Amino acid sequence: FTDKQVIDIINVGSVNGNATIKLDVVDGTWSALGDNLKFTVYYDATNSGTFGNAIATGLLSAWNHNTYNLGALPAGQIASVKIVWEVPASAGNDIQGKSVTLNTTFGLEQVR
């Protein structure tokens, strides 16, 4: 099973920055699904619909509570983030009926 979501982000400020993303599992929601869930994130700095190479890819355990740099996001610019999640067929039946709740946080670190 694979699915995705594309989210537009904007730097509404007047200072150029570098966009970041962080995925956090909500306390108490980790399950067998979380052990098998793989995420890949792509960044389109110009919001043109063209996503380059993956920013990062890995199991949810690698993403959980870690911040990843997406790339430059100049003042006033809109960018797109594509988040792809997948569960390999090898995950087995232990994940059936399981869920994991995530918070996704986008940040902007000022360019100095």
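Residues numbered from 1 in each chain as written. Predicted model: local features only at pLDDT ≥ 70, side-chain atom pairs only at ≥ 80, totals over all residues. Heavy atoms only, no water.

Asks: I'm lost on the overall build of the chain in this one. Help?
Replies: Along the chain, the regular secondary structure elements total 2 helices and 7 strands. Each principal axis of the C-alpha atoms in the chain carries an extent, and together these give about 50 × 30 × 15 Å. For the chain, buried positions account for 33% of its 112 residues. Here the contacts in the chain between residues at least 6 apart in sequence split such that 83% fall between residues at least 24 apart. (Helix = DSSP H or I, 4+ residues; strand = E, 2+ residues; numbered from the N terminus. Buried < 20%, exposed > 50% of the residue type's maximum accessible area, 1.4 Å probe, protein only. Contact = heavy atoms within 4.5 Å.)

Asks: Would you mind showing me how to read the pattern of salt bridges here?
Replies: If charged atoms from side chains of opposite charge come close, those side chains can pair. In total, this model carries 1 salt bridge according to the counting rule given. Salt-bridge contacts for K22 lead to D24; the nearest nitrogen and oxygen are separated by 4.0 Å. The exposure class of D24 is buried, given its relative accessible area of 13%. (Salt bridge = Lys/Arg side-chain N within 4 Å of Asp/Glu carboxyl O.)

Asks: Mind showing me how you'd approach the sheet that holds strand β1 (residues 2-10) here?
Replies: For sheets, the rule is that strands pair by backbone hydrogen bonds, running either parallel or antiparallel. Taken together, 4 strands build an open sheet; the order of strands is β1-β6-β3-β4 and the sheet is antiparallel. This sheet does not close on itself; its edge strands, each paired only once, are β1 and β4 (54-59). Along the sheet, successive strands turn relative to each other by an average axial angle of 15°, direction set aside. Examined bridge by bridge, strand β3 (residues 38-44) and β4 share 5 bridges and lie antiparallel to one another. Residue pairing in the sheet places K38 in a bridge with L59 of β4. (Pairing = 2+ DSSP bridges. Axes fitted to C-alpha atoms, helices over the stretch in contact; angles between N-to-C directions.)

Asks: Please clarify how the environment of A32 should be interpreted in this entry.
Replies: With respect to the element layout, A32 can be found in helix α1 (residues 32-36). By relative accessible area, which is 22% here, A32 ends up partly exposed. Each C-alpha atom, one on A32 and one on V100, is 8.9 Å from the other, the two residues being 68 residues apart in sequence. Residues in contact with A32, not counting those within four places in the same chain, are D94 and I95.

Asks: Where do I start with a nonpolar patch on the surface in this structure?
Replies: On the surface, I10, V12 and I78 cluster together into a nonpolar patch covering about 290 Å² of accessible area. Of note, V12 is situated in the loop between β1 and β2 (17-25). (Patch = residues over 30% accessible without salt bridge, like charges linked within 9 Å, V, L, I, M, F, W, Y side chains within 5 Å. Areas by Shrake-Rupley, 256 points an atom, 1.4 Å probe, with all protein chains shown as cover.)

Asks: Can you help me understand the sheet that holds strand β7 (residues 102-110) in this one?
Replies: In space, the 3 strands of this open sheet follow the order β5-β2-β7, with antiparallel pairing throughout. Across the chains shown, the open sheet's two edge strands, defined by having one partner strand only, are β5 (66-73) and β7. Mean inter-strand twist for the sheet, computed between neighbouring axes without regard to direction, equals 25°. For β2 and β5, the ladder comprises 7 bridges, and the chain directions are antiparallel. The residue bridging T20 from the neighbouring strand is N69, located in β5.

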